[in-house]
Amino acid sequence: MTTTQQQLRLDDGRTVTCTSPAEARMLWNEMIVDGYYRRAAATLRPGDLAIDIGANIGLSAMMFAEVDPAVRVIAAEPAPATYDCLHRNMAAYVPGGIALEVAVGAAPGVLPFTWYPRATANSSLYADREADDDATKTFLRNSGLPDEAITLITTGLHDGEQIDVEVTTVSAILSQYDPTAEIGVLKIDVERAEFDVLLGITESDWSRIRCVVAEVHDRDDRLAQFCEVLTLHGLTAQTRQDKSLAGTELHEVYAARA
């Protein structure tokens, strides 16, 4: 796995390390709009723990840290090249934050992971090149791009490299790094592995989680199943799909305790 680190200057003046400025800009735009991620961040309180699963280069971790200096952030990202960017950005902008080079799933172990050098945010334990191509084409078409431009952008976009990555669980992370703090936000963005993340939370840890925000791929009724698990553990779930993603399996979930 080889890639060249680059820099992107954000609108607020900060400069972040990334593998693709275009992708990093797109991810940052998701952070600054008034959506579920920002809504979840606004609920954080001093002393809370924010867990960022599928952190990519750390833009959501940075957003969580901005809320209050007393919020602790733990962020996990398994791909080495992406993790290196995450580590650098957290060192610069997330005081006291912890970056983990690990995937998060249902059980500890080692699993094959597909990394897309040109589309790192789509990398996954459950990568599906055809579905990822289709979703990207639909997003670009919904955004108003002509077919010629879409073909140019997506050709080779999801050429992947398979690597073996360490897998842990949410509860294993909590046990090691903070066995008592309240989890103000659990953010999950892991490209079809989101249900596995829930399976890796022990019953005793669910009561510590006040809010979950996630991207869920609605395949085989997975969105309903995901929300059902949240409901069973006392969280009230809401879902939405951005109009730019209409026609894809991608949905957002926000769930909080009353």
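Conventions we followed
Residues numbered from 1 in each chain as written. Predicted model: local features only at pLDDT ≥ 70, side-chain atom pairs only at ≥ 80, totals over all residues. Heavy atoms only, no water. Buried < 20%, exposed > 50% of the residue type's maximum accessible area, 1.4 Å probe, protein only. Helix = DSSP H or I, 4+ residues; strand = E, 2+ residues; numbered from the N terminus. Arc of directions from axis to C-beta. Axes fitted to C-alpha atoms, helices over the stretch in contact; angles between N-to-C directions. Left-handed = near helix turned anticlockwise from the far one by under 90°. Contact = heavy atoms within 4.5 Å. Pairing = 2+ DSSP bridges. Nonpolar A, V, L, I, M, F, W, Y, C, P; charged D, E, K, R; others polar. Right-handed = clockwise from strand over helix to strand, strands pointing away. Phe/Tyr/Trp six-rings, centres within 6.5 Å; stacked < 30°, edge-to-face > 60°. Lys NZ or Arg CZ within 6 Å of the ring centre and 35° of its normal.

Here we look at helix α10 (residues 222–232)
All buried positions along α10 are accounted for by L223, F226, C227, V229 and L230. Buried positions in α10, seen along its axis, are confined to an arc of 155 degrees and lie on one side of it. Opposite the buried face of α10, by more than 90 degrees, sit the exposed residues T231 and L232. Once α10 ends, the next one or two residues include G234, with phi positive near 90 degrees.

Examining the packing of helix α5 (residues 129–142) against helix α6 (residues 147–154)
As a packed pair, α5 and α6 sit with axes 10 Å apart at the nearest point and diverge in direction by 145 degrees. Helix-helix and strand crossings are classified by hand; for α5 and α6 the assignment is right-handed. Residues D133, T136, K137, L140 and R141 of α5 lie in contact with α6, whose contacting residues are D147, I150, I153 and T154.

Some words on the sheet that holds strand β7 (residues 109–115)
Taken together, three strands build an open sheet; the order of strands is β6-β8-β7 and the sheet is mixed. At either margin of the open sheet sits one strand with a lone partner, and together these are β6 (103–104) and β7. Sheet topology note: the β7/strand β8 (residues 161–168) ladder contains seven bridges and is antiparallel. Counterpart to F113 in the pairing with β8 is I163.

Quick notes on the packing of helix α1 (residues 21–32) against helix α3 (residues 59–67)
Viewed as axis vectors pointing N to C, α1 and α3 meet at an angle of 35 degrees, and their least axial separation amounts to 9 Å. Where α1 crosses over α3, the handedness of that crossing is right-handed. Within the contact between the two elements, α1 uses A24, L27, W28 and M31 and α3 uses L59, S60, M63 and E66. Tallied by class, the residues present in the contact of α1 with α3 amount to six nonpolar, one polar and one charged.

Re the pairing of strand β3 (residues 49–53)
For β3, a buried count of five out of five residues is recorded, marking the element as mostly surrounded by other parts of the structure. The alternating pattern of β3 places L49, I51 and I53 on one face and A50 and D52 on the opposite face, and all of these are buried. Examined bridge by bridge, β3 and strand β4 (residues 72–76) share five bridges and lie parallel to one another. Counterpart to D52 in the pairing with β4 is A75. For the crossover that starts at β3, traverses α3 and ends in the parallel β4, the hand is right-handed. Note: β3 against strand β9 (residues 183–188), five bridges, orientation parallel. Paired with I51 across the two strands is L186, which belongs to β9.

A few points about the sheet that holds β4
Overall, mixed pairing links the seven strands, which are arranged β5-β4-β3-β9-β10-β12-β11 in an open sheet. In this open sheet, the two edge strands, each paired with only one partner strand, are β5 (98–100) and β11 (236–240). For this sheet, the mean angle separating the axes of adjacent strands, direction not counted, is 15 degrees. The sheet contact formed by β9 and strand β10 (residues 211–217) spans three bridges and is parallel. Residue pairing across strands places K187 opposite V213, the latter belonging to β10.

Some points on the side chain of D48
With respect to the helices and strands, D48 occurs in the loop between α2 (36–41) and β3. Exposure remark for D48: the relative accessible area of 5% places this residue in the buried category. Apart from residues lying up to four places away in sequence, D48 is in contact with T43, A70, V71, R72, E182, G184 and R210.

Some thoughts on unusual backbone geometry
Even without being a glycine, E191 presents a positive backbone phi close to 50 degrees. Within the secondary structure, E191 is located in the loop between β9 and α8 (194–199). Note on E191: relative accessible area 5%, which makes it buried.

A few points about the packing of aromatic side chains
Inspection of every chain in the model, using the stated rule, returns one aromatic pair. Between the aromatic rings of Y36 and Y254, the centroid separation amounts to 5.7 Å while the plane-to-plane angle is 40 degrees, which identifies the pairing as tilted. Separated by 218 residues along the polypeptide, Y36 in helix α2 and Y254 in strand β12 (residues 250–256) bring together distant segments of the chain. Note that R39 overlies the ring of Y254, its terminal NZ or CZ placed 4.1 Å from the centroid. For R240, the ring lying beneath its charged end belongs to Y36, and the centroid distance is 5.7 Å.

Geometric values such as these leave the question of function open.
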